[in-house]
Amino acid sequence: MEGKGVKMGLMLVVAMALGFLVLGPNLVEGAFGIQLNPCTLPRCIAECKKALQEKFLSATCASGSQGKFCICLG
């Protein structure tokens, strides 16, 4: 069980690092994942915008050990 959590945490850290690199000078205040299976980019963006509102910066779909999920940056 702990191995799955470590993998998920590592994927989140990697996604945040990519967000920092892609967004450049924009400051990312937080990142979180939403379980969406299947995850489509339009649905992922819509869910992130709903959750983050004006703080929304980016969204992407990723695959994990428990299926696909959406990563939100804001």
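Keep in mind that what you see is a predicted model, and the values were worked out from it rather than measured.

Basis of the calculations
Residues numbered from 1 in each chain as written. Predicted model: local features only at pLDDT ≥ 70, side-chain atom pairs only at ≥ 80, totals over all residues. Heavy atoms only, no water. Core = buried A, V, L, I, M, F, W, Y, C linked by side-chain atoms within 4.5 Å. Buried < 20%, exposed > 50% of the residue type's maximum accessible area, 1.4 Å probe, protein only. Helix = DSSP H or I, 4+ residues; strand = E, 2+ residues; numbered from the N terminus. Contact = heavy atoms within 4.5 Å.

**Student:** Sorry, what's going on with the nonpolar core here?
**Tutor:** Inside soluble globular proteins, nonpolar side chains tend to come together where they are buried. Counting 10 residues, the largest nonpolar core consists of I34, L36, C39, C44, C48, L52, F56, A59, C70 and C72. The set of elements that each furnish at least two residues to this core consists of helix 2 (41–52) and strand 3 (67–73). With three residues, the top contributor of residues to this core is helix 2. With sequence-adjacent residues up to four places away left out, C72 is seen in contact with G30, A31, F32, I34, C48, L52 and S58.

**Student:** I would appreciate a short explanation of unusual backbone geometry in the present structure.
**Tutor:** Going from N37 to P38, the amide bond is cis rather than trans, its omega being 10°. Its place among the elements puts P38 in the loop between strand 1 (31–35) and helix 2. Positioned with a positive phi, Q53 is a non-glycine residue whose angle comes to about 55°.

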